[in-house]
Amino acid sequence: MTTTRLVFLRHGRTEWNVQGRLQGQADIALDEVGEEQALQAARYFATWPFAACYASSMQRALKTAQLVCRPHDIEPIAEPRLHEINVGSWSGKSSAEVIAEMPHYLDHYIKGIDFRRSATGETVAEMTARALPAVLEIAAQHSGQQVLIVSHGLLLANMVQALVNPDAQHTTFSVLGNACYSVVGMRDQYRWVITHNAPTSGT
């Protein structure tokens, strides 16, 4: 059986990324730098053979996917289950504002302790339970092929974790940077990380 390769790409930069505001499922657009990052990613991946592309339907991810897929003449398939973690009422707040509301936020985050992102948001476990079935379905539909999946930083780090080390107590993989990518290989019951959090800028 041949190897299935899942290429996970984080969207380009947004204004809220620059401002350090939590985005979650707020539908924020790419800024000018983010669009240029997506175009750089398109050039970087121009010779990679993608059988298909799936993306979070949030505009920052879908626009990134559209720009990257244009040279391949494929249309990204929007998948809502690939949305970023829902941070509920924390959406738009800075880290300092969130820490003022939840003093142990940063300590939990650094130690990988799961917690609910505001009273109306998700936990990482809930996000993973939502997104992982979508990723596994995509892998099954494209067995032996290479597929591009464009989504969000925290979600993608947890997808890598859930695929290669599902029994881990917390996420050990770093959150992907804007327009950075990871690659997971899959063959039979074996799964392994080929690349993690690599830039597409060519530098």
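Before any of the text, the structure's been laid out above.
Since the structure is predicted, the reported quantities are computational estimates derived from the model, not experimental observations.

### Points about the overall build of the protein chain
Here is step 1 of the chain: Within the protein chain, the secondary structure is distributed over seven helices and six strands.
Here is step 2 of the chain: A globule of 203 residues ought to have a C-alpha radius of gyration of about 17 Å, and the protein chain, at 16 Å, matches this closely.
Here is step 3 of the chain: Structurally, the protein chain occupies a C-alpha span of about 50 × 40 × 30 Å along its principal axes.
Here is step 4 of the chain: Counting every position in the protein chain, which comprises 203 residues, the buried fraction comes to 50%.
Here is step 5 of the chain: Of all intrachain contacts in the protein chain linking residues separated by at least 6 positions in sequence, the fraction that spans at least 24 positions is 69%.
Here is step 6 of the chain: Charge-centre separation for the protein chain: the mean point of 16 positive side chains lies 3 Å from the mean point of 19 negative side chains.

### Details of the packing of aromatic side chains
Here is step 1 of the chain: For the coordinates displayed, the defined rule picks out twelve aromatic pairs.
Here is step 2 of the chain: Here tyrosine 44 and phenylalanine 45 contribute two aromatic rings whose centre-to-centre distance is 5.2 Å and whose plane-to-plane angle is 85°, an arrangement assigned as edge-to-face.
Here is step 3 of the chain: On the basis of relative accessible area, phenylalanine 45 is assigned to the buried category, the value being 0%.
Here is step 4 of the chain: When the ring of tryptophan 90 is compared with that of phenylalanine 115, the centres are 6.5 Å apart and the planes differ by 50°; the resulting orientation is tilted. Taken as a pair, tryptophan 90 in the loop between strand E3 (77–78) and helix H4 (95–101) and phenylalanine 115 in the loop between helix H5 (105–111) and helix H6 (124–141) lie far apart in primary sequence, 25 residues in all. With respect to class, tryptophan 90 is no different from phenylalanine 115; both count as buried.
Here is step 5 of the chain: An aromatic cluster is built from Tyr44, Phe45, Trp48, Phe50 and Tyr181, whose rings are joined through pairwise contacts.

### A closer look at the pairing of strand E4 (residues 146–151)
Here is step 1 of the chain: The buried count for E4 comes to six of six residues, which makes it a mostly enclosed element.
Here is step 2 of the chain: Residues Gln146, Leu148 and Val150 point to one face of E4 and Val147, Ile149 and Ser151 to the other, with burial holding for every one of them.
Here is step 3 of the chain: Pairing geometry for strand E1 (residues 4–10) and E4, over six bridges, is parallel. The residue bridging phenylalanine 8 from the neighbouring strand is isoleucine 149, located in E4.
Here is step 4 of the chain: Of the strand pairs in this sheet, strand E2 (residues 52–55) and E4 are connected by four bridges, and their pairing is parallel. Paired with tyrosine 54 across the strands is isoleucine 149, a residue of E4.

### With respect to the environment of threonine 4
Here is step 1 of the chain: Along the chain, threonine 4 turns up in strand E1.
Here is step 2 of the chain: Separated by 136 residues in sequence, threonine 4 and alanine 140 place their C-alpha atoms 8.9 Å apart.
Here is step 3 of the chain: Among all residues touching threonine 4, those that are not within four sequence positions of it are Ala139, His142, Ser143, Gly144, Gln145, Val184, Gly185 and Met186.
Here is step 4 of the chain: Looking at threonine 4, its side chain comes within polar contact range of the main-chain nitrogen of glycine 144, at 2.7 Å.

### Concerning the sheet that holds E4
Two pairing modes exist for strands in a sheet, parallel and antiparallel, and in both the strands are linked by backbone hydrogen bonds.
Here is step 1 of the chain: In spatial order, the strands read E3-E2-E4-E1-E5-E6; together these six strands make up an open sheet with mixed pairing. Both outer strands of the open sheet, E3 and strand E6 (190–199), are each paired with one neighbouring strand and no more.
Here is step 2 of the chain: On top of the sheet, helix H3 (residues 59–69) reaches E1, E2 and E4; it is set at about 145° to E4, its chief contact.

### Regarding the nonpolar core
Here is step 1 of the chain: Ranked by size, the top nonpolar core spans 33 residues in total, and within it Leu6, Phe8, Trp90, Val135, Ile149 and Leu163 carry the most contacts.
Here is step 2 of the chain: Elements with a contribution of two residues or more to this core: E1, E2, H6, E4, helix H7 (153–164) and strand E5 (180–187).
Here is step 3 of the chain: With eight residues, the top contributor of residues to this core is H7.
Here is step 4 of the chain: Beyond its immediate stretch of four places on either side in the chain, valine 135 contacts Leu6, Phe8, Leu82, Ile149, Met159 and Leu163.
Here is step 5 of the chain: Residues Phe45, Trp48, Ala61 and Ala198 belong to the second largest nonpolar core, which totals 18 residues.

### Description of H6
Residues three or four positions apart in an α-helix share a direction because the helix packs 3.6 residues into each turn.
Here is step 1 of the chain: Between its terminal C-alpha atoms H6 stretches 26 Å, which fits the 26 Å expected from 18 residues at 1.5 Å a residue.
Here is step 2 of the chain: Considering bend angle alone, the principal kink of H6 is centred on alanine 131 and spans about 30°; proline proline 133 follows within four residues of it.
Here is step 3 of the chain: For H6, the set of buried residues is Val124, Met127, Thr128, Arg130, Ala131, Leu132, Ala134, Val135, Ile138 and Ala139.
Here is step 4 of the chain: Those residues of H6 that are buried lie in contact with E1, E2, E4, H7 and E5.

Reading the values: rules and limits
Residues numbered from 1 in each chain as written. Predicted model: local features only at pLDDT ≥ 70, side-chain atom pairs only at ≥ 80, totals over all residues. Heavy atoms only, no water. Helix = DSSP H or I, 4+ residues; strand = E, 2+ residues; numbered from the N terminus. Rg over C-alpha atoms; globule rule 2.2 N^0.38 Å. Buried < 20%, exposed > 50% of the residue type's maximum accessible area, 1.4 Å probe, protein only. Contact = heavy atoms within 4.5 Å. Lys, Arg positive; Asp, Glu negative; His and termini not counted. Charge placed at Lys NZ, Arg CZ, Asp CG, Glu CD. Phe/Tyr/Trp six-rings, centres within 6.5 Å; stacked < 30°, edge-to-face > 60°. Pairing = 2+ DSSP bridges. Polar contact = N/O pair within 3.5 Å; in protein donor to acceptor, adjacent residues only side chain to side chain. Axes fitted to C-alpha atoms, helices over the stretch in contact; angles between N-to-C directions. Core = buried A, V, L, I, M, F, W, Y, C linked by side-chain atoms within 4.5 Å. Expected span 1.5 Å × (residues − 1). Bend = angle between axes of the 7 residues up to and from the residue.

Geometric descriptors of this kind do not, in isolation, establish any biological role.
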